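# Secondary and tertiary structure notes
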Amino acid sequence: MPYDERDEETGQFSPTFSDSDFLEAVGDGDLPTTSDVADAVGCEYRTAYERLNRLEDESRVQSKTVGNSLVWQLS
């Protein structure tokens, strides 16, 4: 996985992107799409989608569908 780092002791992968990377990307634009956030952070679409969903579960961001796109904003 190019966007993860392997822990030398456990061998497990951990993400190299912090929650603040995603929150900053959401806060920088006018209702950015998941693709916009992924591009801003420098990660794959799926990584951004999963992290944004987790942040939404934590009530830190909100999503809504506009046309065929999912857009994000800070809570």
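One can find the structure itself at the top, above this paragraph.
It should be emphasised that the depicted structure is a prediction, and the values quoted were computed from it without experimental measurement.

### Observations regarding the side chain of D19
Relative to the helices and strands, D19 resides in helix α1 (residues 19–28). At 3.3 Å, the side chain of D19 and the side chain of R60 are in polar contact. The residues touching D19, leaving out its near neighbours within four places in the chain, are R51, R54, L55 and R60.

### Looking at the environment of D30
Secondary-structure assignment places D30 in the loop between α1 and α2 (34–41). Assessed through its relative accessible area of 80%, D30 is described here as exposed.

### Observations regarding the pattern of salt bridges
Inspection of every chain in the model, using the stated rule, returns six salt bridges. Close ionic contact of R51 with D19 constitutes a salt bridge, the shortest N to O distance being 3.0 Å. Of this pair, R51 sits in helix α3 (residues 45–57) while D19 is found in helix α1, placing the two residues 32 residues apart along the sequence. Taking relative accessible area as the criterion, R51 reaches 9% and is therefore assigned buried. For R60, the salt bridge goes to E58, with nearest N and O atoms at 3.6 Å. Judged by its relative accessible area of 34%, R60 is partly exposed. Here E58 falls in the partly exposed class, since its relative accessible area comes to 38%. Overlapping salt bridges bring together D19, R51, R54, E58 and R60 as one network.

### Details of the nonpolar core
Counting residues in hydrophobic clusters, the biggest one holds 14 residues, and the most contacted among them are F22, V26, V37, V41, C43, L52 and V61. Of all elements in the fold, only α1, α2 and α3 reach the threshold of two or more residues within this core. Take this core: its biggest share by element is four residues, from α1. Contact partners of V26, with chain neighbours within four places excluded, come to P32, V37, L52, V61, W72, Q73 and L74.

About the cut-offs
Numbering of residues begins from 1 in every chain and follows the order in which that chain's sequence is written. Reporting in this predicted model follows two pLDDT cut-offs: at least 70 for local features of residues, and 80 or more for side-chain atom pairs to be given and counted; totals over whole chains, interfaces and linings ignore these cut-offs and use all residues. Calculation of side-chain values draws on the structure's entire complement of heavy atoms; hydrogens and water are dropped beforehand. Secondary structure elements follow DSSP: runs of H or I of four or more residues count as helices, runs of E of two or more count as strands, with numbering from the N terminus. In protein, a polar contact requires one atom able to donate a hydrogen and another able to accept it; more generally it is a pair of N or O atoms within 3.5 Å, and residues adjacent in sequence count only if both atoms are side-chain atoms. For this analysis, residues touch if any pair of their heavy atoms sits within 4.5 Å. Buried residues are those whose accessible area, probed at 1.4 Å on protein chains only, stays under 20% of the maximum for their type, while exposed residues exceed 50% and partly exposed ones sit between those limits. The working definition used for a salt bridge is a side-chain nitrogen of Lys or Arg within 4 Å of a carboxyl oxygen of Asp or Glu. Throughout, nonpolar core names a set of buried Ala, Val, Leu, Ile, Met, Phe, Trp, Tyr and Cys residues whose side chains join them through atoms within 4.5 Å.

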